[in-house]
Amino acid sequence: MKLRRLHRTAILEFYFPDYSSKLDLPFYDVGISAGFPSPADDFIELTIDLNKEFIKNKDSTFFAKVKGHSMKDAGIYDGDLLIIDKSLEPQNNKIAICQIDGEFTVKRIRIEKDIVWLIAENEDYAPIRVSPENEFMIWGIVTNAIKTF
């Protein structure tokens, strides 16, 4: 799957997936031991299409590369590639891509009656209270993070 760059901000780089390419990768459905290795006598080699696996709503899915460390305690690190679905309804405690006063950010959203909070998953960052004076939009919900090691 190729990605086409859409937009770059200080916090995120946005990409749109190019579905014209298809890449079936080998997939071994045997389970991977995280303890002691076990011999796999009989396993079947299958293929997996990452587009089908991770993208549920093709027309509303985008990617963004993270810059920064505000979500490290949620397992989202600088350089990770996020899969974002704009068609999903914002819900309390979901991780979202938000635009506040013209700047994009990735934060956990907390909804309390008429108040929305943007919560970092790093104690070095204070929560952001969204007030009526802010220009605010929840742009999409993060569905997956692809890690780089």
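That block above? That's the structure.
(A) Spatial organisation of the side chain of Arg108. Tracing the backbone through its elements, the reader meets Arg108 in strand S8 (residues 103-112). Accessibility expressed as a relative area gives 18% for Arg108, which makes it buried. Contacts of Arg108, omitting those with residues within four sequence positions, involve Met71, Ala74, Asn93, Lys94, Ile95, Trp117, Leu118, Ile119 and Glu121.

(B) View of the nonpolar core. Residues Phe14, Leu82, Ile84 and Ile97 are the most contacted members of the largest nonpolar core, which totals 15 residues. Counting residues per element, the ones that place at least two in this core are strand S2 (12-18), strand S5 (61-66), strand S6 (81-85), strand S7 (95-100), S8 and strand S11 (136-146). Here this core takes 3 residues from S5, the largest share from any one element. Beyond its immediate chain neighbours, meaning those up to four positions away, Leu82 contacts Phe62, Phe63, Ala64, Val66, Ile76, Ile97, Val106, Val142, Asn144 and Ala145. Cys98, Ile109, Val116 and Ile141 belong to the second largest nonpolar core, which has 8 residues in total.

(C) Quick look at the packing of aromatic side chains. Under the definition given, this model contains 2 aromatic pairs. The interplanar angle of 50 degrees and the centroid separation of 5.5 Å between the aromatic rings of Phe62 and Trp139 together place this pair among those described as tilted. Residue Phe62 is found in strand S5, and its partner Trp139 is found in strand S11; the two are separated by 77 residues along the sequence. For the residue pair Phe62 and Trp139, the accessibility class agrees, reading buried in each case. Where Phe104 meets Trp139, the ring centres are 5.8 Å apart and the plane angle is 80 degrees; that geometry is what we call edge-to-face. Within this pair, whereas Phe104 is found in strand S8, its partner Trp139 is found in strand S11, the two being separated by 35 residues in sequence. In this structure Phe104 comes out as buried when scored by relative accessible area, which is 10%. Residue Trp139 is classed as buried on the basis of its relative accessible area of 14%. Ring pairing ties together the aromatic residues Phe62, Phe104 and Trp139, which thus form one cluster.

(D) Just the pattern of salt bridges, in detail. The full count for this structure, using the stated rule, is 3 salt bridges. Between Lys147 and Asp80 there is a salt bridge, and its shortest N-O distance comes to 2.6 Å. Of this pair, Lys147 sits in the segment after S11 while Asp80 sits in the loop between S5 and S6; the two residues are 67 residues apart in sequence, bridging distant segments of the chain. Given the relative accessible area of 33%, Lys147 is considered partly exposed. The salt bridge involving Arg108 is made with Glu121; its shortest N-O contact spans 2.6 Å. Of this pair, Arg108 sits in strand S8 while Glu121 sits in the loop between strand S9 (115-119) and strand S10 (128-130), and the two are 13 residues apart along the sequence.

(E) Looking closely at unusual backbone geometry. In this structure, Asn93 is a non-glycine residue whose phi angle is positive, near 80 degrees. The topology assignment puts Asn93 in the loop between S6 and S7. We classify Asn93 as partly exposed; its relative accessible area is 43%. The phi torsion at Asp101 lies on the positive side, around 50 degrees, for a residue other than glycine. Inspection of the secondary structure puts Asp101 in the loop between S7 and S8.

Cut-offs used in this document
- Residues numbered from 1 in each chain as written.
- Predicted model: local features only at pLDDT ≥ 70, side-chain atom pairs only at ≥ 80, totals over all residues.
- Heavy atoms only, no water.
- Helix = DSSP H or I, 4+ residues; strand = E, 2+ residues; numbered from the N terminus.
- Buried < 20%, exposed > 50% of the residue type's maximum accessible area, 1.4 Å probe, protein only.
- Contact = heavy atoms within 4.5 Å.
- Core = buried A, V, L, I, M, F, W, Y, C linked by side-chain atoms within 4.5 Å.
- Phe/Tyr/Trp six-rings, centres within 6.5 Å; stacked < 30°, edge-to-face > 60°.
- Salt bridge = Lys/Arg side-chain N within 4 Å of Asp/Glu carboxyl O.

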